Amino acid sequence: MPYFDINLDLSWEDQQLKETAHQFAKEVMRPIAKEVDQMSAVEAVAPGSPLWDFMRHAYEMGFHSSVLPEELGGQGLTPLQYHIVNEELSWGSFGLAATLGVAGWPFLTLALSGNQELIEKYVVPFANCTDGTMVGCWGGTEPNRGCDIISPDLEFYHKPGTRGDMTAYLDGDEYVVNGAKSAWVSAAPIATHIQMHLQLDDSMGLGGQGVAFIPLDLPGVSKGGALEKMGLRDLCQGEVFCTDVRIPKSHMLAGTDQGMHLFDQALSKGNMTMATWSTGLARAAYDEALAYSKERVQGGKPIIEHDAMKIRLHQMFSRVEACRSFSRAVLNLNASIYPGHPEYSFAAKTLCTQMALDNASDAIQVHGGYGLTREYNTEKWFRDARANTIADGVNEHLNRRGGDLLAKTYPRVRATEAK
Ligand SMILES: Cc1cc2nc3c(=O)[nH]c(=O)nc-3n(C[C@H](O)[C@H](O)[C@H](O)COP(=O)(O)OP(=O)(O)OC[C@H]3O[C@@H](n4cnc5c(N)ncnc54)[C@H](O)[C@@H]3O)c2cc1C
């Protein structure tokens, strides 16, 4: 492997997993990510796009189901192994790694719901899917509800009449769903199923929410086009609309008693995962900068031999190690206890996405003018890293929400006592 792992206790199995994921990232993900990045958003998700080659290949290797419990077709990865795989895949491409991550999201929630009938019908086929055509997505944000959805500490949130853009009401044995999810739902343009957070009870404000599992081929479901954006162009986004979509009652995985809790847990898992992927992105930028600094000669010697460059590269190296250590620790904590501690996930996400952005920016600086060109990966990584300080919760907003949790809930129980 190209770098030394500070954890001296990696098992043979951990190292094999790392090697396999790294090879896939280097040989399959890097070239496809570069190609997809330079296509229009619509072309990138169309049949025949290299995105689908990636999906097929990744599903064949079982990367899509790594989040699932082993008895349902998952790989039974330890938290450390899950981190190792995420870091390597994101080293290949943050956007493609995240596509795989959200693809499994609704199926994981369904698996944890314990509803055997739905598990057999949806989770098992997803785990066994080898052609990349069963894809999940997560519908949290809405056209009028961005940061609002992560603001249960603010007064407006609980006011009767404050409502989300996607609503559902019970009609006999079915829920009827109407409304819109934002243009930012990752993987929506290619998704077949969604985990949808929706308004059930207006008298509770946004707290009156539930969580549904919805197949996207039901009558009344439609989608917006794939969104054109600056970074993470290899992770597509788009709206999901519902007009009188009828779902069986059993598809409402949580009602208003559990809806907010499930949302918090989803946010916590999502942010923790963003931190693991950011480690891969921070490392990709560092690896590339280090290699270039050894090749590029200025002032009569490779630029790495100039003191200013040594300082910059050591700072980049430090950020990679800090990202990895912190995100591994948080993943281990929140995968080991239930419920997880969102404030740790928010801390890991905000710090790691910022460090990845700093590394991506420094990598451009190390490459000089060439770093701005498409000849190198650095400009793509900078655009990708910039998007991540907004995705899954704007960083400053997550810090505010995390601070609110500290104010309300500390001291917390230790993980070992909470198990
Ligand atoms: C790449 C990417 C992927 C995404 N994937 C998904 C996905 O899979 N599913 C999904 O549901 N969503 C997804 N999102 C949406 C993402 O979670 C939202 O973009 C984010 O929560 C912010 O919402 P917004 O963009 O509407 O900004 P807004 O909420 O409109 O915020 C705009 C600005 O106002 C500030 N602001 C907002 N509220 C306050 C306040 N109370 N006090 C002070 N300042 C405030 C914010 O900090 C920000 O600077 C994704 C976004 C991106 C960029």
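Residues numbered from 1 in each chain as written. Predicted model: local features only at pLDDT ≥ 70, side-chain atom pairs only at ≥ 80, totals over all residues. Heavy atoms only, no water.

Undergrad: Before we go on, may I ask you to explain helix α5 (residues 94-103) in this structure?
TA: Two residues of an α-helix separated by three or four positions point the same way, owing to the 3.6 residues in each turn. With ten of ten residues buried, α5 is to be regarded as a mostly interior element. For α5, every residue scored as buried is listed here: F94, G95, L96, A97, A98, T99, L100, G101, V102 and A103. Capping the start of α5 is the job of one residue whose side-chain oxygen sits 3.3 Å from the backbone nitrogen of G95: S93. (Buried < 20%, exposed > 50% of the residue type's maximum accessible area, 1.4 Å probe, protein only. Helix = DSSP H or I, 4+ residues; strand = E, 2+ residues; numbered from the N terminus. Polar contact = N/O pair within 3.5 Å; in protein donor to acceptor, adjacent residues only side chain to side chain.)

Undergrad: Before we go on, may I ask you to explain the pattern of salt bridges in this structure?
TA: Pairs can form between side chains of opposite charge once their charged atoms are near each other. Inspection of every chain in the model, using the stated rule, returns 26 salt bridges. Here R56 makes a salt bridge to D53, at a shortest N to O gap of 2.6 Å. Residue R56 and its partner D53 are located together in helix α3 (residues 50-60), separated by three residues, close to a single helical turn. Across the salt bridge formed by D171 and R246, the nearest N and O atoms sit 2.4 Å from each other. You can see D171 sitting in strand β2 (residues 166-171) and its partner R246 sitting in strand β7 (residues 237-248), a full 75 residues away along the chain. By relative accessible area, D171 is classed as partly exposed at 36%. Bridged by salt links that share partners, the residues D5, K18, E87, E88, R283, D287, E321, R324 and R328 form one connected network. (Salt bridge = Lys/Arg side-chain N within 4 Å of Asp/Glu carboxyl O.)

Undergrad: Any chance you could explain the site of the ligand here in plain terms?
TA: The immediate surroundings of the ligand are formed by 19 residues, with W138, T141, C147, W184 and S186 found nearest. Within the contact set of the ligand, an oxygen atom lies 3.4 Å away from a side-chain nitrogen or oxygen of E396. Relative to its unbound accessible surface of 980 Å², the ligand loses 67% to contact with the protein. Those elements that place two or more of their residues in the shell around the ligand are β1 (136-139), β3 (174-186) and α12 (395-409). For the shell around the ligand, the element with the highest residue contribution is β3, accounting for three residues. In terms of residue class, the shell around the ligand is built from nine nonpolar, eight polar and two charged. Looking at the shell around the ligand, you find at least three residues from each of domain 2 (136-259) and domain 3 (266-418). (Near = heavy atom within 4 Å. Areas by Shrake-Rupley, 256 points an atom, 1.4 Å probe, with all protein chains shown as cover. Nonpolar A, V, L, I, M, F, W, Y, C, P; charged D, E, K, R; others polar. Domains from an automatic or database assignment.)

Undergrad: Can you walk me through the side chain of S182 in this structure?
TA: Note on placement: S182 falls in strand β3. Judged by relative accessible area, which is 5%, S182 ranks as buried. Separated by 2.8 Å, the side chains of S182 and T141 make a polar contact. The residues touching S182, leaving out its near neighbours within four places in the chain, are T141, E142, P143, G238, E239 and V240. (Contact = heavy atoms within 4.5 Å.)

Undergrad: Hey, could you run me through the pairing of strand β4 (residues 193-199) in this one?
TA: The side chains of a regular strand alternate, first on one face of the sheet and then on the other. Judged by how many residues are buried, β4 sits mostly within the fold: seven of seven residues are covered. Here β4 shows two buried faces, one formed by H193, Q195, H197 and Q199 and the other by I194, M196 and L198. Bridge analysis of β1 against β4 gives four bridges, and the strand direction is parallel. Among the inter-strand pairings, W138 is bridged to a residue of β4, identified as Q195. Looking at chain direction, β4 and strand β5 (residues 209-215) are connected through seven bridges and run antiparallel. Paired with H197 across the two strands is V211, which belongs to β5. (Pairing = 2+ DSSP bridges.)

Undergrad: Can you help me understand the packing of aromatic side chains in this one?
TA: The relation between two aromatic rings is expressed through the spacing of the ring centres and the mutual angle of the planes. Scanning the model with the defined rule gives twelve aromatic pairs in all. Measuring from centroid to centroid gives 6.1 Å for Y59 and F126, while their planes differ by 85°, and the two rings are edge-to-face. Highlighted residues: Y59 in helix α3 and F126 in helix α7 (residues 116-128), separated in sequence by 67 residues. Taken as a pair, Y59 and F126 share a single burial class, namely buried. (Phe/Tyr/Trp six-rings, centres within 6.5 Å; stacked < 30°, edge-to-face > 60°.)

Undergrad: Help me out: how do you make sense of the nonpolar core in this one?
TA: Formed by 103 residues in total, the largest nonpolar core has its most connected members in F54, L89, V177 and I190. Looking at this core element by element, the count peaks at eleven residues for helix α8 (residues 259-295). The residues contacting V177, other than those within four sequence positions of it, are M166, T167, A168, L198, I214, C242, T243, D244, V245 and I247. Within the second largest apolar cluster, ten residues are counted, among which are W105, F346, L398 and L405. (Core = buried A, V, L, I, M, F, W, Y, C linked by side-chain atoms within 4.5 Å.)

Undergrad: Can you help me understand unusual backbone geometry in this one?
TA: The bulk of non-glycine residues show a negative phi, and the bulk of peptide bonds are trans. Positive phi, close to 70°, is recorded for A187, a residue that is not glycine. If you trace the backbone, A187 turns up in the loop between β3 and β4. Phi is positive for D244, which is not a glycine, with a value near 50°. Mapped onto the elements of the fold, D244 is located in strand β7.

Undergrad: Whenever I open this one, the domain arrangement of the chain confuses me. Can you help?
TA: When the parts come together, some accessible area is lost, and that loss is often what is quoted as the size of the interface. By domain assignment, the chain separates into domain 1 (12-128), domain 2 (136-259) and domain 3 (266-418). Relative placement of domain 2 and domain 3: their C-alpha centres are 29 Å apart. Each side of the interface is counted separately: domain 2 has 13 residues, and domain 3 has 16 residues. Three residues stand out in domain 2 for area buried against domain 3, namely I150, D153 and L232, and they jointly supply 46% of the buried area on that side. Connecting domain 2 to domain 3 are two salt bridges. Here K380 makes a salt bridge to D234, at a shortest N to O gap of 3.0 Å. (Buried area = accessible area lost by both parts, 1.4 Å probe.)

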